[in-house]
Amino acid sequence: MKIGFVMDPIGSISIKKDSTFAMLLAAQARGWSPQYMELNDLFMRDGISHARTRAISVREDTNDWYTLSDEETVPLHSLDVLLMRKDPPFNMEYVYATYMLERAEEAGLLVVNKPQSLRDANEKMFTAWFPQCCPPTLVSRDSARLKEFLSEQKDIVIKPLDGMGGASIFRLGRGEPNVNVIFETLTRHQTRFAMAQRFIADISKGDKRILLIDGEPVPHALARVPAEGDLRGNLAAGAKGVGADLSRRDMWICAQVGPELMRRGLLFVGLDVIGDFLTEVNVTSPTCIRELDALYGLDIAGQLMDMIQRKVAEPGRQGSPSAP
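So, a few notes on the structure that sits alongside this text. By convention here, each chain's residues receive numbers from 1 onward along its written sequence. Reporting in this predicted model follows two pLDDT cut-offs: at least 70 for local features of residues, and 80 or more for side-chain atom pairs to be given and counted; totals over whole chains, interfaces and linings ignore these cut-offs and use all residues. Side-chain numbers come from the whole structure's heavy atoms, not from hydrogens or water.

**Topic: the state of the cysteines**
Disulfides are defined as cysteine sulfur pairs within 2.5 Å. Inspection of the entire model under this criterion finds 0 disulfides. Cys133 carries a free sulfur, and the closest cysteine sulfur to it, the one in Cys134, is 6.0 Å from it. Of all cysteine sulfurs in the structure, the one in Cys133 sits closest to Cys254, which takes part in no disulfide; the separation is 9.2 Å. The class for Cys254 is buried, based on a relative accessible area of 2%. Any residue under 20% of the maximum accessible area for its type is buried, any over 50% is exposed, and the rest in between are partly exposed; the area is computed with a 1.4 Å probe on protein chains only.

**Digging into the sheet that holds strand S11 (residues 194–198)**
Spatial ordering of the open sheet is given by S8-S11-S9-S10, a layout of 4 strands whose pairing is antiparallel. Looking at which strands have only one partner, the edges of the open sheet turn out to be strand S8 (137–140) and strand S10 (170–173). Strand-to-strand twist across the sheet, computed as the mean angle between neighbouring axes with direction ignored, equals 25°. Examined bridge by bridge, strand S9 (residues 155–160) and S11 share 5 bridges and lie antiparallel to one another. From the neighbouring strand, Pro160 faces S11, where its bridge partner is Ala194. Whether two residues touch is decided by their heavy atoms; if any such pair falls within 4.5 Å, the residues are in contact. Whenever a helix is involved, its axis is fitted only over the stretch in contact; in every case the axis is a line through C-alpha atoms, and angles between N-to-C directions fall within 0 to 180 degrees. Every helix listed is a DSSP run of H or I at least four residues long, and every strand listed is a run of E at least two residues long, numbered separately from the N terminus. Taken strand by strand, helix H5 (residues 179–187) contacts S8, S9, S10 and S11, and its axis lies near 30° from that of S9. Strand pairing is assigned whenever DSSP identifies at least 2 bridges connecting the two strands.

**Digging into helix H2 (residues 92–106)**
To estimate the expected span of a helix, subtract one from its residue number and multiply by 1.5 Å. A rise of 1.5 Å per residue sets the reference length of H2, with its 15 residues, at 21 Å; its end C-alpha atoms lie 21 Å apart and thus fit the reference within 8%. Three or more residues of H2 are buried, namely Tyr94, Val95, Ala97, Thr98, Leu101, Glu102, Ala104 and Glu105. End-on view of H2: buried residues confined to an arc of 165°, all on one side of the axis. Away from the buried face of H2 by more than 90 degrees, exposed residues Glu93 and Glu106 are located. Buried residues belonging to H2 abut strand S3 (42–45), strand S4 (48–58), strand S6 (81–84), strand S7 (110–112) and helix H3 (115–120). Any pair of N or O atoms that falls within 3.5 Å is considered a polar contact. Within protein, one atom must be able to donate a hydrogen and the other to accept it, and sequence-neighbouring residues count only if both atoms are side-chain atoms. Looking at where H2 begins, the residue whose side-chain oxygen comes 3.2 Å from the main-chain nitrogen of Glu93 is Asn91. With its phi angle positive at about 120°, Gly108 sits one or two positions after the end of H2. Each C-beta atom gives one direction from the helix axis, and the arc is the one those directions make.

Given below as structure tokens:
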């Protein structure tokens, strides 16, 4: 198969922790032809999506981990499958790219994850579809309403809807002297929405990343334990990753979320679970494959490639030319 990867510049990644690199290795191990693209390589001409692609070979060498071939310009739908692995920020440039991918999908290309669902499923707001799994949550840009929520819950976390890597996350308790300025900063003086959630004390045990492939969970999670004096369970913010078996509650959350992910064509997703509560649904470029593989001897990217191969072979699959 010809399998495309839209990703950040490969020369800047850390192969020890990059999940897209694991996917490239898994595709290559199957004898497939991985094709490398960055966002700048995509373009649309007369309604048909194209890209400048370069065949790529990868290897486990921290000094020399890839080789690119000569470039070729092709219609995207000439590939068998494409993985959208561009990291956030999720901005309008990202949205424009999903329109190009959607046009290719309509011409028969399998895109992982589905472009429309990438646009629809904001990684924080999408938790609203599963309120039974979540802590008390408020999305608002009204400072008075946010203060009322703080008074009610007594201890909250507030964060921007477009943040990543633990950026701009604040914990607030009643009596916090900087409440007004924090609300003003995050809502930009009540002109932008922010999310507030009841603080979950179990963050001290880690923010669990649970990976789902076509709605089914990998049986182990990576619990990202905050650094000393911090509350953010993000590896980018200095958290330490430790392995954790999925609890009965974790499995229940996956059972609640999984069918909706499948319905929306979200084939590779990372759930963030703190204690007993779902806090985020990561759909753009979920990570932690390398860490979980190393801890448990797994081949998560291989499982993903097996699923993709089955999807490509499905007769009349959504987006294929033979579909009604």
